[in-house]
Structures are given as structure tokens and as C-alpha cells.
Amino acid sequence: MSDQATLSRPVSTADPFSHGFLRDPYPYHEALREAGPVVWLERYGIWAMARHEQVRGALTDWQTYCSSAGVGLSDFRKEPPWRPPSIILEADPPLHTRTRAVLTRILSPAAIKVLRDTFEREAEKLIARLVEQREFDGVADLAEAYPLKVFPDAVGISEEGRENLLPYGSMVFNSFGPRNDLFDLAMANAGPVRDWIMSKCSRAALAPGGLGMQIFEAVDAGELSEDEAGMLVRSFLSAGIDTTVYGLGNALYCMARYPEQWSVLRGSPNLIRGAFEEVLRFEAPVQSFFRTTTRDVEVGGVRLGDGEKVLLLFAAANRDPRRWDRPDTFDVTRRAAGHMTFGTGIHGCVGQAVARLETEAILTALAKRVASFELTGEPERRLNNTLRGFDRIPLRVVPV
Ligand code: OVV
């Protein structure tokens, strides 16, 4: 590394995992975007990318920005991971290629079509009940209740013990950050929660025909070992709940906060698909993931060394004025495709069709029955080292 590059590297003292940053990340995102194409975060001795071009560039170059050293702050080559690494999220080719192929097939458009009727029926049922009730908590009663019903049903796990799914998600997504207060709180009851999750990952615990058992069918076809199949069921249970819970909560929040946008949507339900993308762009439920460099690499004139951690701020890329017009405006008519919330490249969200199905089913059911949303109190945030969303959204709905 040349002295010139060392001297000219942009530096920030920001802590992306502090309460202040997590509560209102946008001013920090702007400062990091303006600081340069890649910025050294002194607090952790890592790099951060906040511009759309560089975040996208890193996600589409898995040879230079690998996942096998972990996609959180912790470098698996230097410290032991808190759980055995995911064989899809925290893996590179060729392992990743083999595991990804199985989940791509199980979550293919044809497979999603099979889920649609049930997901729509459950959405209708839940929304009819909540509208009748008039007042409810948008988080517990809707954003949590719906995914916690339809997704475990689709995977094929028992009803008993599902209360462990959200605590496990909290462990997983907080663990991508530093060992801070949020990490410690999430890990307080880690043992029993982890044991329950692992007990649901075996062939014997899965219903025939479900998404989980379909993974074990890949063992019979010689694509995976029995242990690998269990690990991929664990991936479903790790990635499939909290992400959609936070996403649905953020969608509700946006509709309550920007009532004119809800009116536009109700008038044109064909906009629902795009509105989901705009929610993901504007209030990204997944704020960031890390990569680790596999070689020295130059980014916009700045030299990164080999084996360095890089924080990719998806949510900052989603509001980069270099990429978006009026980035801080929530606009359901905008072309929001190209946001980074699902990532992109070989690790781009494999379950995104399920997330889309869940959100579209809920928004469609709401559009039929709800003229407007009123906040009956201030929404309360739930802080998480990776996820952005709410603990409570006190709502009253005005029926059509
Ligand atoms: C995308 C994601 C998030 C969290 C966990 C996993 C995947 C996993 O594969 O375990």
C-alpha cells in the first residue's frame, strides 16, 4: 500500500451499531457516502461502503469480497463463530453453488405458485379479523403473527415451540454486529432457543411435502449430505421470519406515515408490487451485511488490503442521490427495483419470492378493507445490529 493512499483514505469515527446510529441512520449514511467511495471506520478497524455503485460492485465480485469469513463483523478466520457457519450465507463457491442450487429450486416460481392460495387465504382471514377489531398493534398482531403462521406451516414444522423463532432470529441478526449490548441481550437465553431450532431441522421433525422435507429429498437425489440438509433447514428458520416481520412492519409504518401514498395504492392495486420494492428501498429491513477481501484491491483510488472486513450499507445505497431522484421521498409509483435490500449477485436473497408473496398478500387484503391508517401512539423502534424496524406500531384502521 502506498503512503499516498494511506494518507488519503477517508476516515470516520461513526459506530454503525450504536443506538444513535441505529435509531436514525440516515444522517450518518449521508456523511459516509459523501466521505468517499469507501471509508475507514476507526472504531472497528474495518471499511464501509455507502454508495450504490460500490455496494453493488462488491456484491457482484464474490472472488474479491468473500462470504466464507462470515458476513458479520467477526472474522471466522480469527475468532470462532457463535454457531456452525451457514453453508449457504457464509460460504463461497463451490460449496455455495451446490447448496444454492437446491434452495433456488425449492423456492422457484413454480414452487411459490403452490403456496399462493394458502398465503392469500391466511392474509384475508387475519386482515378481516383485525379490521373488525379496528385497533391493534401492527407488529405483534400483524407483522409478526402472519409470517409466524404461514412460513413455518410452509416449511412443515410443528406448532409447538414457535415462540422460539423470533428470539432465534434476534440472535442471528444481532450476531452480525459487534458484541455490544444488543448482542448480549439477544444471547441471554441462547442455549434453549438454539436447541429447539436444531431439533426442528431433522428429517423426523418435518412434515411431508413441506419446504423442509424437500431439502431432505435432495439428499436422496445425492445433492446433499443428511447433515447439510439439516443446516439448510436451519437457514430457512434463520432467514425466513425476522426479515419479513421487519419488512411488513416497515410497510405498515410507511402507509400510516404517508397516508396519501396509501390512497394512491388503494386506487391502483397494480402498484402493490412496486410499493413493496419502495418500502424495501426506503426503510430497508436488512440494513447491511459484511464481506471480507481476498486480495489487495483498489476502490475509487483507495487501497484495501487482503483479509479486511468491509461493511456494505445497503440502506445507504438505497438513498444514494447518485442513483435515485428524491431518494428521501417515499413514492410508491417510483421504479424502486435496483435497491440493495435483497443484495445482488450470487448471494442475492434466494427467498425473495416468499417475502414478496407475503407482503403482497397482506397489502392486497388491506387495500380491499382499509381506507386509511391512524397511529394511536408513537411507534416504538426495536433496535437490532442488522435489522431496522419496530417493536410496536399502535394502529387504528378506518374501514372502507
Ligand atoms: C440471509 C440469511 C440471514 C440469516 C441467516 C442465514 C441467511 C442462514 O443461512 O443461516
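A brief structural summary. As the structure is a computational prediction, the values presented were derived from the model and not from experiment. (Residues numbered from 1 in each chain as written. Predicted model: local features only at pLDDT ≥ 70, side-chain atom pairs only at ≥ 80, totals over all residues. Heavy atoms only, no water.)

1. Considering the site of the ligand
Here is step 1 of the chain: All residues adjacent to the ligand are Arg83, Ser86, Ile88, Leu89, Val172, Phe173, Ser235, Ser238 and Ala239.
Here is step 2 of the chain: At 2.8 Å from an oxygen atom of the ligand is found a side-chain nitrogen or oxygen belonging to Arg83.
Here is step 3 of the chain: Measuring from an oxygen atom of the ligand, one finds a side-chain N or O atom of Ser235 at 2.6 Å.
Here is step 4 of the chain: When the ligand is considered free in solution it has 290 Å² of accessible area, and contact with the protein chains removes 85% of it.
Here is step 5 of the chain: More than half of the atoms belonging to the ligand lie within 2 Å of the grid points that define the largest cavity.
Here is step 6 of the chain: Counting residues per element, the ones that place at least two in the shell around the ligand are helix H8 (165–174) and helix H12 (226–239).
Here is step 7 of the chain: Looking at the shell around the ligand element by element, the count peaks at 3 residues for H12. (Near = heavy atom within 4 Å. Polar contact = N/O pair within 3.5 Å; in protein donor to acceptor, adjacent residues only side chain to side chain. Areas by Shrake-Rupley, 256 points an atom, 1.4 Å probe, with all protein chains shown as cover. 1 Å grid on protein atoms, 1.4 Å probe; cavity = no way out; pocket = protein on both sides within 12 Å on 5 of 7 lines; lining within 4 Å. Sits in = over half its atoms within 2 Å of the grid points. Helix = DSSP H or I, 4+ residues; strand = E, 2+ residues; numbered from the N terminus.)

2. Looking at the sheet that holds strand S1 (residues 11–12)
Here is step 1 of the chain: The 6 strands lie next to each other as S1-S2-S3-S9-S6-S4, forming an open sheet whose pairing is mixed. The outermost strands of the open sheet, each flanked by one partner alone, are S1 and strand S4 (65–66).
Here is step 2 of the chain: With 3 bridges joining them, strand S3 (residues 46–49) and strand S9 (residues 309–313) adopt parallel strand pairing. Across the sheet, the residue bridging to Ala48 is Leu311, located in S9.
Here is step 3 of the chain: Across the face of the sheet, helix H3 (residues 26–35) comes into contact with S1, strand S2 (39–41) and S9 while running at roughly 125° to S2. (Pairing = 2+ DSSP bridges. Contact = heavy atoms within 4.5 Å. Axes fitted to C-alpha atoms, helices over the stretch in contact; angles between N-to-C directions.)

3. So, the environment of Leu148
Here is step 1 of the chain: Checked against the element boundaries, Leu148 lands in helix H7 (residues 138–155).
Here is step 2 of the chain: The spacing of Leu148 and Glu163 is 15 residues in sequence and 8.7 Å in space, taken between C-alpha atoms.
Here is step 3 of the chain: Residue contacts for Leu148: discarding those within four places in its chain leaves Arg162, Leu165, Leu166 and Ile241.

4. So, empty space enclosed by the protein
Here is step 1 of the chain: Counting across every chain of the model gives 6 cavities of 30 Å³ or more.
Here is step 2 of the chain: Ala239, Thr243, Cys349, Val350 and Gly351 are the residues nearest the centre of the largest cavity, which is lined by 45 residues in total.
Here is step 3 of the chain: For the lining of the largest cavity, the secondary structure elements donating two or more residues are helix H5 (95–106), H8, H12, helix H13 (242–257), helix H15 (272–282), strand S6 (288–293) and helix H17 (352–369).
Here is step 4 of the chain: Broken down by element, the lining of the largest cavity gets its largest block of residues, 5 residues, from H17.
Here is step 5 of the chain: Of the residues in the lining of the largest cavity, the class split is 25 nonpolar, 16 polar and 4 charged. (Points joined across faces, edges and corners; volume = space filled by probe spheres on them. Nonpolar A, V, L, I, M, F, W, Y, C, P; charged D, E, K, R; others polar.)

5. Some points on the side chain of Thr99
Here is step 1 of the chain: Within the fold, Thr99 resides in helix H5.
Here is step 2 of the chain: Residue class for Thr99 comes out buried when judged on its relative accessible area of 0%.
Here is step 3 of the chain: Among all residues touching Thr99, those that are not within four sequence positions of it are Ile87, Ile88, Leu224 and Leu232. (Buried < 20%, exposed > 50% of the residue type's maximum accessible area, 1.4 Å probe, protein only.)

6. Overview of the sheet that holds strand S5 (residues 135–137)
Here is step 1 of the chain: The strand order across the open sheet formed by 3 strands is S5-S13-S10, and the pairing between neighbours is antiparallel. The open sheet terminates on both sides in strands that have one partner only, identified here as S5 and strand S10 (370–375). Across the sheet, the axes of successive neighbouring strands diverge by a mean angle of 30°, strand direction being ignored.
Here is step 2 of the chain: In this structure, S5 lies alongside strand S13 (residues 394–399), joined through 3 bridges in antiparallel fashion. Note on S13: the bridge partner recorded for Asp137 is Pro394.
Here is step 3 of the chain: The strands touched by H13 are S10 and S13; relative to S10, the strand with the most contacts, the crossing angle is about 95°.

7. As for the packing of H15 against H17
Here is step 1 of the chain: Where H15 meets H17, the axes come as close as 10 Å, and the angle between the chain directions of the two elements is 120°. The handedness of the crossing between H15 and H17 is right-handed. Residues Ile272, Arg273, Phe276 and Glu277 of H15 touch H17, and the partners they reach there are Ala355, Arg356, Thr359, Glu360, Leu363, Thr364 and Ala367. (Left-handed = near helix turned anticlockwise from the far one by under 90°.)

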